Amino acid sequence: MYVDEPNQAIEAANGVRYAYRRSGPSGAPSLVLLSHFRGTLDSWDPALVDALAVEHDVIAFDSAGVGLSSGWPCRTVRDLAADTLVFLEALDVRQPDLLGYSMGGFVAQELALLRPHSVRRLVLAATAPRGGPGIHGYPDDVLAHVGVDRRGVQDYLYTFFNHTETSQRSGLEFVGRYIEREHDRDAPVSAAVWAAQYEAVVEWGVPDHGALERLAAVDHPVFVAGGGNDLVVPPRALHLLSAALPNAKLKVYPDSGHGFLFQHHRQFTEDVLAFLR
């Protein structure tokens, strides 16, 4: 069970001591989780991780300077991708599948471009292509809920879930799972760290048609997924992303927002496992 997995750490060649958790059978194909803006080891839905870990060696980690990891936080997506590679090399994980969520999806795309043979398949969840229109920073209403030092339940419900009764109820269920781990929780993300991460998010979103064309070089199988009512990453970005990738399939989940993979965790897990097989 993910809520019971111990925090582990490994020192990499760059001198950073990376915190991580690992779930699933030894020897199973590795699936590396790349987190969203301000995300830590505790930001992943335990129900989602447990279901994925039935067939995969699921690895979640804190990038440099985040949570329980040492070092300084990265300020560009390119640096986050390089940071991820250093961690994977330290752990001796070769050619894993990647599940990149939101900002983590930016990192997964960049990593596939920087080192194409280092990954096998990509799952890009609630994310957008570099340089795409309408993603240059978060909308003001979203930033009011994510750009605060201490986020409450209402901030999560506003940002991650659709503003309907069914989606909000799913959000409350997710919050219940989110707080289930009582001991050895990850350290919260500081204001300095999320400010650095937001620099990376904004830089990624600078409109640039040439950057979109880079995705033609990503010939990995890709599953692009997102919520139909996402306030953080507009659904049109999902369509643009999947169209720019040569070997992508797209699914948009109904009545859900940025946290669609938590709301629809059962269906999303089935879709991801089928895709990775």
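Quick summary incoming for the structure in this document.

Scoring rules and cut-offs
- Residues numbered from 1 in each chain as written.
- Predicted model: local features only at pLDDT ≥ 70, side-chain atom pairs only at ≥ 80, totals over all residues.
- Heavy atoms only, no water.
- Helix = DSSP H or I, 4+ residues; strand = E, 2+ residues; numbered from the N terminus.
- Contact = heavy atoms within 4.5 Å.
- Buried < 20%, exposed > 50% of the residue type's maximum accessible area, 1.4 Å probe, protein only.
- Axes fitted to C-alpha atoms, helices over the stretch in contact; angles between N-to-C directions.
- Parallel < 35°, antiparallel > 145°, perpendicular 65-115°, else oblique.
- Nonpolar A, V, L, I, M, F, W, Y, C, P; charged D, E, K, R; others polar.
- Pairing = 2+ DSSP bridges.
- Phe/Tyr/Trp six-rings, centres within 6.5 Å; stacked < 30°, edge-to-face > 60°.
- Lys NZ or Arg CZ within 6 Å of the ring centre and 35° of its normal.
- Left-handed = near helix turned anticlockwise from the far one by under 90°.
- Right-handed = clockwise from strand over helix to strand, strands pointing away.
- Expected span 1.5 Å × (residues − 1).
- Arc of directions from axis to C-beta.

### Observations concerning the environment of R78
Mapped onto the fold, R78 is located in helix α2 (residues 77-91). Sequence spacing of R78 and F260 is 182 residues, and the spatial spacing of their C-alpha atoms is 26 Å. Among all residues touching R78, those that are not within four sequence positions of it are E110 and L114.

### Some words on unusual backbone geometry
Its identity is not glycine, yet S102 carries a phi of approximately 60°, on the positive side. Note on placement: S102 falls in the loop between β5 (97-101) and α3 (103-114). The class for S102 is buried, based on a relative accessible area of 3%. For D184, which is not a glycine, the phi torsion comes out positive at approximately 55°. Counting through the fold element by element, D184 comes out in the loop between α6 (165-178) and α7 (191-204). Classification of D184 as exposed rests on a relative accessible area of 59%.

### Description of the packing of α2 against α3
Taken N-terminus to C-terminus, the directions of α2 and α3 make an angle of 70°; their axes are 8 Å apart at the nearest point. With respect to their mutual orientation, α2 and α3 come out roughly perpendicular. When α2 is examined against α3, the residues V77, R78, L80, A81, T84 and L85 are found in contact with a partner set consisting of M103, F106, V107, E110, L111 and L114. In terms of residue class, the contact of α2 with α3 is made up of nine nonpolar, one polar and two charged.

### Some points on the sheet that holds strand β1 (residues 8-11)
Here eight strands make up an open sheet; going across it, the order is β1-β2-β4-β3-β5-β6-β7-β8 and the pairing mixed. Edge positions in the open sheet fall to β1 and β8 (248-253), since each of these has one partner strand only. Looking at each pair of strands side by side, their axes are set apart by 25° on average, direction ignored. Sheet contacts for helix α9 (residues 235-244): β6 (122-125), β7 (222-227) and β8; angle to β7, the most-contacted strand, approximately 170°.

### Observations concerning the packing of aromatic side chains
Scanning the entire structure with this criterion turns up 21 aromatic pairs. Ring geometry for Y253 versus F268: centroids 6.1 Å apart, planes at 75°, classification edge-to-face. Here the residue Y253 occupies a position in strand β8, and F268 occupies one in helix α11 (residues 265-276), the gap between them amounting to 15 residues. Residue classification places F268 among the buried positions, given a relative accessible area of 0%. An aromatic cluster is built from W44, Y101, Y156, F160, F161, F174, Y178 and F262, whose rings are joined through pairwise contacts. Over the aromatic face of F275 sits the side chain of R121, whose NZ or CZ is 5.1 Å from the ring centroid. Positioned above the aromatic ring of F223, the side-chain terminus of K249 is 5.6 Å from the ring centre.

### A closer look at the packing of α3 against α7
When two helices pack together, their arrangement is given by the angle between their axes and by how far apart the axes lie. The geometry of α3 relative to α7 is characterised by a closest axis approach of 11 Å and an angle of 65° between their N-to-C directions. Considering only the axes of α3 and α7, their crossing is left-handed. Counting all contacts with α3, which are made through M103, F106, Q109 and E110, the residues of α7 involved are Q197, V201 and W204.

### Describing the pairing of β6
Here β6 shows a buried face lined by L122 and L124 and a second buried face lined by V123 and A125. When β5 meets β6, the two strands line up parallel, connected through four bridges. Bridge pairing in β6 links G100 to L124. Between the parallel elements β5 and β6, the chain passes through α3 in a crossover that is right-handed. Sheet topology note: the β6/β7 ladder contains four bridges and is parallel. Counterpart to L124 in the pairing with β7 is V224.

### Some words on α6
Here α6 is 14 residues long and its end C-alpha atoms lie 20 Å apart, about the 20 Å a rise of 1.5 Å per residue gives. Turning to α6, its buried residues are S167, S170, G171, F174, V175 and R177. One side of α6 carries all its buried residues, which in axial view fall inside an arc of 155°. Residues of α6 that are buried in the fold lie against α1 (46-52), α5 (153-160), α10 (260-263) and α11.

### Brief notes about the pairing of β5
In terms of burial, β5 is a largely internal element, five of the five residues being buried. The alternating pattern of β5 places D97, L99 and Y101 and L98 and G100 on opposite faces, both of which are buried. By the bridge criterion, four bridges tie strand β3 (residues 30-34) to β5 in an arrangement that is parallel. Looking across to β5, one finds that L33 is bridged to L99.

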